[in-house]
Amino acid sequence: MADASTSTSNEACTSVYNAVKEYYGKTVKHSSDLKSNACFPSTRLVPEHIRKVLDEIHPDVIARFYGCGLVVPECLEGCSVLDLGCGTGRDCYMLSQIVGEKGHVTGIDMTENQLEVAQKYIDYHMQKFGYKKPNVNFVQGYIEALAEAGLKEKSYDVIISNCVVNLSPDKASVLREAYRVLKDGGELFFSDVYSDTRIPEDLKNNKVLWGECLSGALFWEDLIRLAEEVGFSKPRLVTASKITVGNQELEKLLGDCKFVSATYRLFKLPEGLKKKPCLAMYNGNITGVEENFEFDVQYTFKANTVMEVDGDVASILSNSRFLDEFTLQPQGVNVSEGCCAKPKMVSNNPFELVKQLGSAGIIPSTGGCCAGQESCCK
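The residue numbers shown here count from 1 along each chain, following its written sequence. Totals for whole chains, interfaces and linings use every residue, but because this is a predicted model, local features are given only for residues with pLDDT of at least 70 and side-chain atom pairs only at 80 or more, for both listing and counting. Values shown for side chains rest on all heavy atoms present in the structure; no hydrogens or waters enter the calculation.

Asker: Just to check I follow, could you spell out the packing of aromatic side chains for this structure?
Answerer: The way to describe two aromatic rings as a pair is by their centre distance and the angle between their planes. Any two rings among Phe, Tyr and Trp, with Trp reduced to its six-membered ring, count as a pair given centres within 6.5 Å; such a pair is stacked if its planes are under 30 degrees apart, edge-to-face if over 60, and tilted if neither. Within the structure shown, the criterion is met by 17 aromatic pairs. Relative to Tyr264, the ring of Tyr194 has its centre 5.6 Å away and its plane inclined at 85°; by these criteria the two rings are edge-to-face. A residue pair is termed long-range when its members are at least 10 positions apart, and Tyr194 in strand β5 (residues 182–195) and Tyr264 in strand β8 (residues 259–267) qualify at 70 residues. Across the pair, exposure class does not vary: Tyr194 and Tyr264 are buried alike. Ring centres of Tyr282 and Phe326 lie 5.6 Å apart, and the angle between their planes is 40°; on these two criteria the pair is classed as tilted. Here Tyr282, found in strand β9 (residues 278–282), pairs with Phe326, found in strand β13 (residues 326–330); they are 44 residues apart in sequence, far enough to count as distant. A single burial state applies to Tyr282 and to Phe326, both of which are buried. The numbering of helices and of strands both runs from the N terminus, where a helix is a DSSP run of H or I of at least 4 residues and a strand a run of E of at least 2. Under the scheme applied here, a residue whose accessible area is under 20% of the maximum for its type counts as buried, over 50% as exposed, and between as partly exposed, the area being computed with a 1.4 Å probe on protein chains only.

Asker: Would you explain the sheet that holds strand β12 (residues 306–309) in this entry?
Answerer: Across a sheet, paired strands are connected by hydrogen bonds in the backbone, their directions being either parallel or antiparallel. By this definition, two strands are paired if DSSP reports at least two bridges between them. Overall, mixed pairing links the 4 strands, which are arranged β13-β9-β12-β14 in an open sheet. Across the chains shown, the open sheet's two edge strands, defined by having one partner strand only, are β13 and β14 (340–341).

Asker: Could you clarify how one ought to interpret the packing of helix α7 (residues 171–181) against helix α10 (residues 220–230) in this entry?
Answerer: Two quantities define a packed helix pair, namely the angle between the helix axes and the distance between the axes. Between N-to-C directions, angles cover 0 to 180 degrees, with each direction set by a line fitted to C-alpha atoms, over the stretch in contact for helices. Where α7 meets α10, the axes come as close as 9 Å, and the angle between the chain directions of the two elements is 40°. Relative to α10, the element α7 lies oblique. The way α7 lies across α10 gives a crossing that is right-handed. Here Lys171, Ala172, Leu175, Arg176 and Tyr179 of α7 lie close against α10, whose contacting residues are Leu223, Leu226, Ala227 and Val230. By residue class, the composition of the contact of α7 with α10 is 7 nonpolar, no polar and 2 charged. We call two directions roughly parallel when the angle between them is under 35 degrees, roughly antiparallel when it is over 145, roughly perpendicular when it lies between 65 and 115, and oblique otherwise. Each helix crossing is assigned a hand: it is left-handed if the near helix lies turned anticlockwise from the far helix by less than a right angle, otherwise right-handed if that turn is clockwise. Every residue pair with non-hydrogen atoms within 4.5 Å of one another is taken to be in contact. Just so you know the grouping, Ala, Val, Leu, Ile, Met, Phe, Trp, Tyr, Cys and Pro go in nonpolar, Asp, Glu, Lys and Arg go in charged, and all remaining residues, Gly too, go in polar.

Asker: Can you walk me through the side chain of Ser315 in this structure?
Answerer: Residue position: Ser315 is located in helix α12 (residues 311–318). Every residue in contact with Ser315, bar those within four places of it in the chain, is listed here: Leu269, Leu273 and Lys275.

Asker: I keep staring at the nonpolar core and nothing clicks. Help me out?
Answerer: Among soluble globular proteins, nonpolar side chains are generally buried collectively. Among the nonpolar cores identified, the biggest contains 39 residues, and Leu82, Ile159, Leu188, Tyr194, Phe232 and Tyr264 are the most heavily contacted of them. It is α7 that contributes the most residues to this core, 6 residues altogether. Those residues in contact with Leu188 that sit more than four places away from it in its chain are Ile159, Leu175, Ala178, Leu182, Phe232, Tyr264, Arg265 and Leu266. Among buried residues, the Ala, Val, Leu, Ile, Met, Phe, Trp, Tyr and Cys ones that are joined through side-chain atoms within 4.5 Å form a nonpolar core. Grouped together as the second largest cluster of nonpolar side chains are 34 residues, Leu76, Tyr93, Leu95 and Val136 included.

Asker: Whenever I open this one, the pairing of strand β4 (residues 156–162) confuses me. Can you help?
Answerer: Within a regular strand, side chains alternate between the sheet's two faces. Of all 7 residues that make up β4, 6 are buried, and the element is covered over most of its length. With 4 bridges joining them, strand β1 (residues 80–84) and β4 adopt parallel strand pairing. The partner of Leu82 across the bridge, within β4, is Ile159. The pairing of β4 with β5 spans 6 bridges and is parallel. Paired with Val158 across the bridge in β5 is Glu187. Crossover handedness is defined by viewing with both strands directed away from the observer: a clockwise path from the first strand over the helix to the second marks the crossover as right-handed. With respect to chirality, the unit in which β4 leads through α7 into the neighbouring parallel β5 is right-handed.

Asker: Mind showing me how you'd approach the pattern of salt bridges here?
Answerer: Oppositely charged side chains are able to pair whenever their charged atoms sit close together. The working definition used for a salt bridge is a side-chain nitrogen of Lys or Arg within 4 Å of a carboxyl oxygen of Asp or Glu. Under the defined criterion, the tally for this structure stands at 16 salt bridges. We note a salt bridge from Asp312 to Lys275, for which the minimum N-O separation is 3.2 Å. Note that Asp312 is positioned in helix α12 and Lys275 in the loop between β8 and β9, a separation of 37 residues in sequence. Note that Glu308 is salt-bridged to Lys342, the shortest N-O span being 2.9 Å. Here the residue Glu308 occupies a position in strand β12, and Lys342 occupies one in the loop between β14 and α13 (350–357), the gap between them amounting to 34 residues. Note on Lys342: relative accessible area 56%, which makes it exposed. Via salt bridges that share partners, Glu74, Glu187, Arg265 and Arg321 belong to a single interconnected network.

Asker: Sorry, what's going on with the side chain of Asn162 here?
Answerer: By the element assignment, Asn162 lies in strand β4. Polar contact criterion, stated in full: a pair of N or O atoms within 3.5 Å, where within protein one must be able to donate a hydrogen and the other to accept it, and residues adjacent in sequence count only if both atoms are side-chain atoms. In terms of polar contacts, Asn162 uses its side chain to reach the side chain of Asp91, at 3.0 Å.

Asker: Would you explain unusual backbone geometry in this entry?
Answerer: In terms of backbone geometry, most residues other than glycine have negative phi values and most peptide bonds are trans. Non-glycine residue Lys154 carries a positive phi angle of around 50°. With respect to the helices and strands, the residue Lys154 is situated in the loop between β3 (136–140) and β4. One non-glycine residue, Cys163, lies in positive phi territory at about 60°. Its place among the elements puts Cys163 in the loop between β4 and α7.

Asker: Explanation requested: the environment of Val313 in the structure shown.
Answerer: By the element assignment, Val313 lies in helix α12. Between the alpha carbons of Val313 and Lys234 there is a distance of 9.7 Å; along the sequence they are 79 residues apart.

Asker: Mind showing me how you'd approach the packing of helix α4 (residues 90–99) against helix α6 (residues 122–129) here?
Answerer: Close contact between α4 and α6 brings their axes to 11 Å; oriented N to C, the two are set at 30°. Compared by their axis directions, α4 and α6 come out roughly parallel. Relative to α6, α4 is oriented so that their crossing is right-handed. Contacts from Tyr93, Ser96 and Gln97 of α4 reach α6 at Ile122, His125, Met126 and Phe129.

What follows is the structure in structure tokens.
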């Protein structure tokens, strides 16, 4: 059963929607208008193949990007991708190059002003990429109500979201709708802000704190619970980075609440799977991660090296778009002594992970949070 932190009345939802539209449609015109540095944790290098893609995106789209991560899951060629809370479309245009002409990217957002910018540059980007017809489109609607926006069940291979779920007043509905529109074997890969405790109700009513992606942050344990209640596989932590607010007035209001930005990947797997550990060997054919595929904080697959994987990861690899990228064998198969790699013993708690990492607080991965970006929310 959802608690007060995840279930909200229609009236309260409408109030939040209006406040967020006002904040990101009128108040915030550029990243410099944000009142905190909630998305200025330690940065990491953006992979070269992604940098080249980002260089192709129109400056006006980049200037109004308010994301807290780099949401580029691997193996996207030819995929159908949905961006929840697409804003002005930076991530959509980035991914439209990666999926290629045979793939497609849909962005959904509730803020008219941002969608106007996104729509304005469709032709520009398609010409820039050399595409004969657009492989990206934008839809106005709410991420809690994808059906009302016309998005059909089992339509997408991958869903991304970049620091938007925290802005939703109904996180449970966001996850339910994402699960509904994903194909079997599909993935929700998203960066967001999380808290180390449930945020007090009085802070949730502060429009600035909510708009700055702080008072709407989900308690990280609630994400794990909600995801599994909806039907997703257990969330896999990809990156985690400490957030410092950098605004004394807001810090005083927040008190002892602590925050991290983190990236998780969730998979929609067939029901009733028997999850058995196995041996997995990565073939090294995924673009951009040919030598090492950093799946999450526990599993880094080195090309042509056998690795032990637990039942959850074995089920993901064998029932998702990654199936053809691995050779999977049951445990007990003869493997040369010393040639079988093992996963890292790392916590799935992003706050514990940040402590383990020290002040840097970032895990190197293709889905790193705050990877050189200037702001946090869409």
